Amino acid sequence: MAAPELTLGDAGTFRSGVFWIGVQCPDDALKRLAIAAGADPQRWHPHLTVARRARGARLDGYAGRLWTPPQVELVRSELGPGGPVYRTVESALLSTSND
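All figures in this text were calculated on a predicted structure; none of them were measured in a lab. (Residues numbered from 1 in each chain as written. Predicted model: local features only at pLDDT ≥ 70, side-chain atom pairs only at ≥ 80, totals over all residues. Heavy atoms only, no water.)

Peer 1: Residue-level account of the overall build of the protein chain, with values.
Peer 2: When its secondary structure is counted, the protein chain shows one helix and five strands. Element order for the protein chain, N to C, with α for helix and β for strand: β-β-α-β-β-β. Relative to its 99 residues, the protein chain shows a buried fraction of 24%. The contacts of the protein chain with a sequence gap of at least 6 include a subset with a gap of at least 24, amounting to 60%. Accessible surface for the protein chain amounts to roughly 7,000 Å². Of this, 50% is attributable to carbon and sulfur atoms. (Helix = DSSP H or I, 4+ residues; strand = E, 2+ residues; numbered from the N terminus. Buried < 20%, exposed > 50% of the residue type's maximum accessible area, 1.4 Å probe, protein only. Contact = heavy atoms within 4.5 Å. Areas by Shrake-Rupley, 256 points an atom, 1.4 Å probe, with all protein chains shown as cover.)

Peer 1: Would you mind going over the environment of Tyr 86 in detail, with residue names and values included?
Peer 2: Tracing the chain through its elements places Tyr 86 in strand β5 (residues 83–93). Residues Tyr 86 and Arg 76 lie ten residues apart in sequence; the distance between their C-alpha atoms is 5.7 Å.

Peer 1: An account of the sheet that holds strand β1 (residues 7–13) is requested, with residue identities and associated values reported.
Peer 2: With respect to topology, three strands assemble into an open sheet ordered β1-β2-β3, the strand pairing being antiparallel. What marks the edges here is a single partner per strand, and that holds for β1 and β3 (47–51). Neighbour to neighbour, the strand axes of the sheet diverge by 25 degrees on average, direction disregarded. One ladder, built from four bridges, connects strand β2 (residues 19–24) with β3; its direction is antiparallel. Bridge assignment links Ile 21 to a residue of β3, and that residue is Leu 48. (Pairing = 2+ DSSP bridges. Axes fitted to C-alpha atoms, helices over the stretch in contact; angles between N-to-C directions.)

Peer 1: Just give me the short version of helix α1 (residues 29–36), but keep the residues and values in it.
Peer 2: When α1 is considered as a whole, its buried residues turn out to be Ala 29, Leu 30, Leu 33 and Ala 34. The buried residues of α1 occupy an angular sector of 135 degrees when projected down its axis, which confines them to one face. Seen from the open side of α1, the exposed residues pointing more than 90 degrees away from its buried face are Arg 32 and Ala 36. Looking at the buried residues of α1, the elements they touch are β2 and β4 (71–80). Phi for Gly 38, located one or two positions after α1, is positive at around 105 degrees. (Arc of directions from axis to C-beta.)

Peer 1: Which residues make up the nonpolar core, and what are the values?
Peer 2: Leu 6, Leu 8, Ile 21, Val 23 and Leu 30 together form the largest nonpolar core, which totals five residues. Apart from the residues lying within four places of it in its own chain, the contact partners of Leu 30 are Pro 4, Leu 6, Val 23, Cys 25, Trp 44, Pro 46 and Val 72. (Core = buried A, V, L, I, M, F, W, Y, C linked by side-chain atoms within 4.5 Å.)

Peer 1: Can you lay out unusual backbone geometry for me, pointing to particular residues and giving the numbers?
Peer 2: Even without being glycine, Asp 10 reaches a positive phi, approximately 60 degrees. Its place among the elements puts Asp 10 in strand β1.

Peer 1: Tell me about the environment of Trp 67, and name the residues and values.
Peer 2: Within the secondary structure layout, Trp 67 lies in the loop between β3 and β4. Accessibility expressed as a relative area gives 30% for Trp 67, which makes it partly exposed. Between the C-alpha atoms of Trp 67 and Glu 5, which are 62 residues apart in sequence, the distance is 5.6 Å.

Now the structure itself:
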């Protein structure tokens, strides 16, 4: 699969208090990768978790630079009594122009 070009931008908090920065793709390539890996497109929200229990955190106007990832992983986080547990559901190497 070809690697999509991505940027970081937007930010917010989920109701659980997770502070996130959005991962954006100029076309639907990232969404197609997530669906191919088994993500539910109705529940899927591409993001990087920055902090937990961060109610009210803000990052207004942030926009990251464009980058091309060599690999993509679909990660599920499950909250448990000892804190969050992250599990890679699917992983795929991507081809880049440097390959």
